[in-house]
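# Commentary on secondary and tertiary structure
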Number of protein chains: 2
Amino acid sequence: MLLYPGMTALDVVGPQGLLAGLAPDTLHLVARSVGPVLSDTGLSLIATTSFADCPTELDVLFVPGGDGTAAQMRDAATLAFLRDRASRARWVTSVCTGSLILGAAGLLKGYRATSHWCARDTVLPLLGAIPVDDRVVFDGNRVTAAGVSAGLDFALALAARLRDEDYARTAQLVAEYAPKPPFEAGSPAAAGPIITRTAQAILDTLVTEARKAAAPLQLPEPGPGDAPSPASRED
Amino acid sequence: MLLYPGMTALDVVGPQGLLAGLAPDTLHLVARSVGPVLSDTGLSLIATTSFADCPTELDVLFVPGGDGTAAQMRDAATLAFLRDRASRARWVTSVCTGSLILGAAGLLKGYRATSHWCARDTVLPLLGAIPVDDRVVFDGNRVTAAGVSAGLDFALALAARLRDEDYARTAQLVAEYAPKPPFEAGSPAAAGPIITRTAQAILDTLVTEARKAAAPLQLPEPGPGDAPSPASRED
């Protein structure tokens, strides 16, 4: 599971909590270097493995979203790490805007995928992915989930594939995942236009930066302009 | 928000993620000492404040659950910290078996409260609380939530009280909390007897230890036996 500055901690901790029982000793929290990594809400998680020391063969490669998404979409070391491990991983997965980082690494080209609602239809296509409005989207060995709390639904769906459905049900019962939100506001349609505009304002910087980071990764338009290829980008 | 060894990280990170926007600079992750605290699934969170340095007046005192519950129910320093801060806090709150720790501190006597399903009806009454089978239970300024993932429902309900319902709805939309579990197994009734027995086996040590930790805190039975009072316990 990738950690990076400005990640959303809940994107990581939801799936980690539900999947840890499957592989307690081989679940790695990977970052550029071992040690604390600050999330976008001020809580730090501790990376247990560096890019260099992370096992080369992974069952599951996982990327969380968060305010720091755009910086990771531009980070050559992160993208190289993801491309390398994804080439051999059994499952290549993300929650929230983590799919934009996978996309920036070229790992979602031609795949059906989802992301946080704020970026799904606007940014994913810039990365060659086919946006799907669903909570969890499987396409081949790519598994992407919608925003933040969708990591719980994602983890149960993945646990069922990694082990079996009864294992997933047991994890769900241990986590008492019988959700009962006190409000109906989990999607723009349910929340209505006023709440959605307020949420969009909060998310505006994230989306704008992600779009900027995605733009140079698009196929070059016919004409005199020259877009740099992902492989040549080092900024 | 209390951190302790063997806490369930998701109990902390769900509420932290949804509530951090309300008070980014005054949300403290408190433990016996500053630094990494290992959760019950092997992921560490970092405490930002020690018991000694934690502000004395808190709007919200929060206690997570986890495999380490029983040890905290017996930890004199933790119980003293909770009693002190709770005496002045606006809200005294918990997720999952965190309510057993509040109970061991004597903070739920006579209050309606909930906990993880594995301990709600069996351990809460030993601590003088009145168990309620609900996702989030408000009674006076005590707010307790059911197991693990109930922390999301709890945080939204509390955010509505701390600020207003539109704020909570916005936090819900930012977290895209429109849950869609792939299975129906979030409660013992939904999961059925076989899955429930498997989950109970996983949770057995936690429940047994919590019951042992709670037993000496009960009112002494009439007779020759002498149960130590909470105030005299230092083990």
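Keep in mind that what you see is a predicted model, and the values were worked out from it rather than measured.

## Quick word on the overall build of chain A
The number of helices and strands found in chain A is 8 helices and 10 strands. Computed over the C-alpha atoms, the radius of gyration of chain A is 17 Å, within 12% of the 18 Å expected from 2.2 N^0.38 for a compact globule of 235 residues. Here chain A, with 235 residues, has 56% of them falling under the buried criterion. For chain A, contacts bridging at least 24 residues in sequence account for 63% of all contacts bridging at least 6. With an accessible surface of roughly 9200 Å², chain A has 54% of that area assigned to carbon and sulfur atoms. In chain A, 19 side chains carry a positive charge and 25 a negative one; their mean positions are 2 Å apart.

## A look at the layout of surface pockets
Picture a little ball the size of a water molecule; that probe, rolled over the atoms, points out where space is still empty. In this model, the largest pocket occupies a volume close to 720 Å³. Together, 33 residues line the largest pocket, and D40(A), T41(A), G17(B), G21(B) and V174(B) are the ones closest to its centre. Where the lining of the largest pocket is concerned, the elements lending two or more residues are α1 (9-19) and α8 (188-214) of chain A together with α1 (9-19) and α7 (165-174) of chain B. Here the lining of the largest pocket takes 5 residues from α7(B), the largest share from any one element. The space that makes up the second largest pocket amounts to roughly 610 Å³.

## Some thoughts on the packing of helix α7 (residues 165-174) of chain A against helix α8 (residues 188-214) of chain B
Put simply, α7(A) and α8(B) touch, their axes get as near as 8 Å, and they point 80 degrees apart. Considered as vectors, α7(A) and α8(B) are oriented roughly perpendicular to each other. Listed contacts from α8(B) to D166(A), R169(A), T170(A), L173(A) and V174(A) of α7(A) are P188(B), A191(B), I195(B), T196(B), T198(B), A199(B), I202(B) and L203(B). Of the residues that constitute the contact of α7(A) with α8(B), the class distribution is 8 nonpolar, 3 polar and 2 charged.

## A word on the interface of chain B and chain A
Taken together, the contacts link 59 residues of chain B with 59 residues of chain A. Summing the contributions of chain B and of chain A, the shared interface buries around 5000 Å²; its carbon and sulfur component is 69%. Of all residues in chain B, L173(B), E176(B) and F183(B) give up the largest surface area on contact with chain A, accounting jointly for 16% of the area buried on that side. Our count for the chain B to chain A interface comes out at 2 salt bridges. Two residues, D134(B) and K180(A), come together in a salt bridge whose shortest N-O distance is 3.0 Å. Connecting chain B to chain A are 30 residue pairs in polar contact (both at pLDDT 80 or more). Where the side of chain B that touches chain A is concerned, the elements lending two or more residues are α1, β3 (44-47), α6 (150-162), α7 and α8 of chain B. Here the side of chain B that touches chain A is built from residues that sort into 34 nonpolar, 16 polar and 9 charged.

## Quick notes on the relation of the copies chain B and chain A
In screw terms, the move from chain B to chain A is a rotation of 180 degrees and a rise of 0.0 Å along the axis, fitting with an RMSD of 0.0 Å. What the superposition gives is, in effect, a two-fold axis relating one chain to the other. By C-alpha distance to the rotation axis, the residue of chain B lying nearest is L45(B), at 2.6 Å. A high fraction, 100%, of the interface residues of chain B reappear at the interface in chain A, so the copies pair face to face through one surface.

## Description of the UniProt feature "domain: DJ-1/PfpI" (unreviewed entry) in chain A
When the UniProt feature table is mapped onto this chain numbering, "domain: DJ-1/PfpI" (unreviewed entry) sits at residues 2-159 of chain A. Regarding residues 2-159 of chain A, the helix share stands at 30% and the strand share at 21%, and the terminal C-alpha atoms are separated by 18 Å.

## Side note on the sheet that holds strand β9 (residues 136-139) of chain B
Residue and element names in this part refer to chain B. Across the sheet, which stays open at both edges, the 4 strands sit in the order β5-β6-β10-β9 with mixed pairing between neighbours. This sheet does not close on itself; its edge strands, each paired only once, are β5 (60-63) and β9. Shown here is a sheet whose adjacent strand axes are inclined to one another by a mean of 15 degrees, direction ignored. As paired elements, β5 and strand β6 (residues 91-95) share 4 bridges and run parallel to each other. Bridging across to β6, V60 finds its partner in W91.

## A word on α6(B)
Residue and element names in this part refer to chain B. The terminal C-alpha atoms of α6, which comprises 13 residues, lie 18 Å apart, in line with the 18 Å expected from a rise of 1.5 Å per residue. Of all 13 residues in α6, 11 are buried, a share of seventy percent or more. Turning to α6, its buried residues number three or more, namely A150, G151, L152, D153, F154, A155, L156, A157, L158, A159 and A160.

## What about the environment of D204(B)?
Within the secondary structure, D204(B) sits in helix α8. Once the C-alpha coordinates of D204(B) and R161(B) are considered, the two residues, 43 residues apart in sequence, prove to be 35 Å apart.

## Concerning the nonpolar core
Most often, soluble globular proteins have nonpolar side chains that are buried together. Formed by 166 residues in total, the largest nonpolar core has its most connected members in L45(A) and L45(B). Aside from chain neighbours lying at most four places away, what touches L45(B) is L43(A), S44(A), L45(A), L3(B), M7(B), A9(B), V12(B), V13(B), G35(B), P36(B) and V37(B).

## Comments concerning unusual backbone geometry
Residue and element names in this part refer to chain A. Not every positive phi belongs to a glycine, and C96 is a case in point at roughly 60 degrees. Looking at where C96 falls in the secondary structure, it is placed in the loop between β6 (91-95) and α4 (98-104). Classification of C96 as buried rests on a relative accessible area of 4%. Residue E176 is not a glycine yet carries a positive backbone phi of 45 degrees.

## Regarding the sheet that holds strand β5 (residues 60-63) of chain A
Backbone-to-backbone hydrogen bonds join strands into a sheet, with any given pair of strands oriented parallel or antiparallel. All names here are of chain A. The strand order across the open sheet formed by 4 strands is β5-β6-β10-β9, and the pairing between neighbours is mixed. Only two strands of the sheet have a single partner each, and these edge strands are β5 and β9 (136-139). Averaged over all pairs of adjacent strands, the angle between their axes in this sheet comes to 15 degrees, without regard to strand direction. Relative to strand β10 (residues 142-145), β9 runs antiparallel, the two sharing 4 bridges. Looking across to β10, one finds that V136 is bridged to A145. In the packing of helix α3 (residues 76-86) onto the sheet, the strands contacted are β5 and β6, and the crossing angle to β5 comes to about 150 degrees.

## A closer look at the confidence of the model for chain A
The pLDDT averaged across chain A works out to 93; a share of 92% of its residues lies at or above 70. The ipTM for the predicted assembly is 0.91, set against a pTM of 0.91.

Quick notes on the rules
Residues numbered from 1 in each chain as written. Chains lettered and ligands numbered in written order. Predicted model: local features only at pLDDT ≥ 70, side-chain atom pairs only at ≥ 80, totals over all residues. Heavy atoms only, no water. Helix = DSSP H or I, 4+ residues; strand = E, 2+ residues; numbered from the N terminus. Rg over C-alpha atoms; globule rule 2.2 N^0.38 Å. Buried < 20%, exposed > 50% of the residue type's maximum accessible area, 1.4 Å probe, protein only. Contact = heavy atoms within 4.5 Å. Areas by Shrake-Rupley, 256 points an atom, 1.4 Å probe, with all protein chains shown as cover. Lys, Arg positive; Asp, Glu negative; His and termini not counted. Charge placed at Lys NZ, Arg CZ, Asp CG, Glu CD. 1 Å grid on protein atoms, 1.4 Å probe; cavity = no way out; pocket = protein on both sides within 12 Å on 5 of 7 lines; lining within 4 Å. Points joined across faces, edges and corners; volume = space filled by probe spheres on them. Axes fitted to C-alpha atoms, helices over the stretch in contact; angles between N-to-C directions. Parallel < 35°, antiparallel > 145°, perpendicular 65-115°, else oblique. Nonpolar A, V, L, I, M, F, W, Y, C, P; charged D, E, K, R; others polar. Buried area = accessible area lost by both parts, 1.4 Å probe. Salt bridge = Lys/Arg side-chain N within 4 Å of Asp/Glu carboxyl O. Polar contact = N/O pair within 3.5 Å; in protein donor to acceptor, adjacent residues only side chain to side chain. Least-squares fit on C-alpha atoms with pLDDT ≥ 70 in both. UniProt positions renumbered as here; feature names shortened; annotations may be inferred. Pairing = 2+ DSSP bridges. Expected span 1.5 Å × (residues − 1). Core = buried A, V, L, I, M, F, W, Y, C linked by side-chain atoms within 4.5 Å. pLDDT = per-residue confidence, 0-100.

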